[in-house]
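As a plain string of letters, each chain reads:
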Amino acid sequence: MDFAWTPAQIELREHARSVAQDAVERYGRSNDSWINGFSKEFAVEMAGHGWIGMTWPTEHGGGGRPQIERLIVGEELIAAGAPIAASWFADRQMGPTLINYGTPDQQAEFLPGMLSGETTWCIGMSEPDSGSDLASLTTTADRDGDDFVINGQKIWTSFGESADYCYLICRTDSSGPPHRGISEVIVPMDTPGIEVRPITDMTSNRHFCEVWFSDVRVPIANLVGVEGNAFKQTMAQLEHERGGIDRLVSNRALYEIAAQRADRDDPLVRQEMAQIETGYTLGRILVTREVLRQAPKGFSAATKCFCTEHEQRVAGFVARTLGPDALLWDNVGRGLAYDPAYTIMGGTSNIMRNILGERVLGLPREPR
């Protein structure tokens with residue numbers, strides 16, 4: 001198999017790297033920039049480059065470009081720390097979901113704002129008592145005439161405070177098994193009855209939010225897909241979320257800083273750096289298999305598990321290399337404080353291993 005990049009792909013990578021470096025100079029470097037680097041201005045600039053929806057079908061306004069090109073652009077932007085978060089969720093998940101399951105009216109209403117970089121989306125998925133176990137969610141959407149009336153609470157909702165829309169996972173029927181009765185509904189965040197409280201984490205970021213829905217009325221026309229049968233839709237979203245390049249290079253910028261300070265005359269340091277570079281190569285191969293749809297169904301759990309645990313190994317190397325400087329409360333220190341989150345966001349490593357064992361390897365579940 002030929003793993004070499006084509007001349008056009010090399011040119012695209014160099015262009016993306018140049019744009020990323022310029023963005024960092026103008027907007028500053030963001031650790032884990034796909035979730036922390038929020039800039040509406042840069043989102044519009046990305047749209048101007050054709051880098052939002054670049055793989056979406058042309059009939060829906062997208063670029064119709066190969067998935068591998070999005071991987072290249074995404075890797076360079078994230079590795080440099082360019083602020084892409086304002087458009088990342090919409091590009092990665094919401095747009096493809098609406099293309100696959102949305103109505104023509106929904107596509108006409110919501111896709112253009114995503115493609116232009118003008119609208120930001122958040123995902124109303126996790127709840128205080130329902131994190132990785134999505135089927136246990138309790139937020140309800142009850143029919144009342146032409147509306148759904150939504151009640152419940154979501155947590156860890158990134159950009160809940162600044163998003164224009166929430167892609168809400170909710171329960172429209174409680175009569176059957178837990179995986180049944182789940183629906184996906186588009187909720188404008190300026191709808192009356194929504195209360196958002198930002199959560200300040202230990203890195204001082206405030207993108208995580210608690211969101212309360214109290215008798216929030218949303219048109220039934222905002223239902224995406226089949227009512228009560230959205231669990232598979234949500235699982236398809238998570239395949240995009242767990243197997244992407246963002247799970248590999250979130251702290252690559254920190255590694256580059258440490259690599260300049262590392263004592264390369266020390267054979268143990270050289271060995272550890274070689275192991276890290278090997279991890280980046282293996283992780284990129286795993287992500288590429290996901291992008292090219294060569295991986296087995298559900299294998300994104302393994303990709304996420306490997307890549308995020310690799311990111312934690314990178315953080316450990318950075319901390320040891322920088323020594324006391326890593327304890328300073330600057331951009332590097334805040335980035336290192338994010339280390340524990342890598343294997344939690346999008347499903348913990350334990351959950352990923354369960355998914356891999358049960359759904360990919362077909363191992364029997366332990367009897368209770």
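Model, not experiment: these values are computed from the prediction. (Residues numbered from 1 in each chain as written. Predicted model: local features only at pLDDT ≥ 70, side-chain atom pairs only at ≥ 80, totals over all residues. Heavy atoms only, no water.)

1. A closer look at the environment of Thr308
So, step 1. For Thr308, the position within the fold is in helix H10 (residues 300-322).
So, step 2. Non-local contacts of Thr308, meaning those with residues more than four positions away in its chain, are made with Arg247, Tyr342 and Thr343.
So, step 3. One polar contact links the side chain of Thr308 to the main-chain carbonyl oxygen of Cys305, over a distance of 3.5 Å. (Helix = DSSP H or I, 4+ residues; strand = E, 2+ residues; numbered from the N terminus. Contact = heavy atoms within 4.5 Å. Polar contact = N/O pair within 3.5 Å; in protein donor to acceptor, adjacent residues only side chain to side chain.)

2. Side note on the pairing of strand E1 (residues 121-124)
So, step 1. Residues Trp121 and Ile123 point to one face of E1 and Cys122 and Gly124 to the other, with burial holding for every one of them.
So, step 2. In this sheet, strand E4 (residues 165-171) lies alongside E1 in parallel orientation, the contact comprising 4 bridges. The partner of Ile123 across the bridge, within E4, is Tyr167. (Buried < 20%, exposed > 50% of the residue type's maximum accessible area, 1.4 Å probe, protein only. Pairing = 2+ DSSP bridges.)

3. As for the packing of aromatic side chains
So, step 1. Tallied over the entire structure, the rule returns 9 aromatic pairs.
So, step 2. Both rings, one in Phe110 and one in Tyr165, keep their centres 5.2 Å apart while their planes meet at 80°; by these two values the pair is edge-to-face. Taken as a pair, Phe110 in helix H6 (residues 104-116) and Tyr165 in strand E4 lie far apart in primary sequence, 55 residues in all. Accessibility assignment for this pair places Phe110 and Tyr165 in one class, buried.
So, step 3. Grouping aromatic residues by their ring pairs yields a cluster made of Phe38, Phe89 and Phe159.
So, step 4. Positioned over the ring face of Phe299 is Arg289, at 5.2 Å from the centre of the ring.
So, step 5. For Arg313, the ring lying beneath its charged end belongs to Phe306, and the centroid distance is 5.8 Å. (Phe/Tyr/Trp six-rings, centres within 6.5 Å; stacked < 30°, edge-to-face > 60°. Lys NZ or Arg CZ within 6 Å of the ring centre and 35° of its normal.)

4. What about empty space enclosed by the protein?
So, step 1. Counted according to the given criterion, the structure contains 2 cavities of 30 Å³ or more.
So, step 2. Approximately 40 Å³ is the volume found for the largest cavity.
So, step 3. Lining of the largest cavity is provided by Met46, Trp51, Arg70, Val73, Gly74, Leu77, Trp88 and Asp91.
So, step 4. Listed by contribution, the elements that provide at least two residues to the lining of the largest cavity are helix H4 (67-80) and helix H5 (85-101).
So, step 5. Of the residues forming the lining of the largest cavity, the biggest block, 4 residues, is contributed by H4.
So, step 6. Of the residues in the lining of the largest cavity, the class split is 5 nonpolar, 1 polar and 2 charged.
So, step 7. Size it by volume and the second largest cavity reaches roughly 30 Å³.
So, step 8. Around the second largest cavity, the lining residues are Arg29, Ser30, Asn31, Asp32, Ile78, Gly81, Ser250, Asn251, Ala253 and Leu254. (1 Å grid on protein atoms, 1.4 Å probe; cavity = no way out; pocket = protein on both sides within 12 Å on 5 of 7 lines; lining within 4 Å. Points joined across faces, edges and corners; volume = space filled by probe spheres on them. Nonpolar A, V, L, I, M, F, W, Y, C, P; charged D, E, K, R; others polar.)

5. Examining helix H9 (residues 267-291)
So, step 1. Given a rise of 1.5 Å per residue, 25 residues ought to cover 36 Å, and the 36 Å separating the end C-alpha atoms of H9 matches this to within 8%.
So, step 2. Of all the positions in H9, only Val269, Met273, Ile276, Gly279, Tyr280, Gly283, Leu286, Val287, Thr288, Glu290 and Val291 are classed as buried.
So, step 3. For H9, the N-terminal capping position is held by Asp266, with its side-chain oxygen 2.9 Å away from the main-chain nitrogen of Leu268.
So, step 4. With its phi angle positive at about 60°, Arg293 sits one or two positions after the end of H9. (Expected span 1.5 Å × (residues − 1).)

6. Some details on the pattern of salt bridges
So, step 1. In total, this model carries 20 salt bridges according to the counting rule given.
So, step 2. The partner of Arg17 in a salt bridge is Glu76, with the nearest N and O atoms 2.8 Å apart. You can see Arg17 sitting in helix H1 (residues 7-27) and its partner Glu76 sitting in helix H4, a full 59 residues away along the chain.
So, step 3. Judged by its relative accessible area of 38%, Arg17 is partly exposed.
So, step 4. Where Arg217 meets Asp144, a salt bridge forms, and the shortest distance between an N and an O atom there is 2.9 Å. Linking Arg217 in strand E7 (residues 209-219) with Asp144 in strand E2 (residues 140-144), this pair joins segments that are 73 residues apart in sequence.
So, step 5. With a relative accessible area of 39%, Arg217 lands in the partly exposed category.
So, step 6. In this structure Asp144 comes out as partly exposed when scored by relative accessible area, which is 40%.
So, step 7. Shared partners join several salt bridges into a network, and the residues in it are Arg13, Arg17, Glu75, Glu76 and Arg284. (Salt bridge = Lys/Arg side-chain N within 4 Å of Asp/Glu carboxyl O.)

The values are spatial; any link to function lies outside them.
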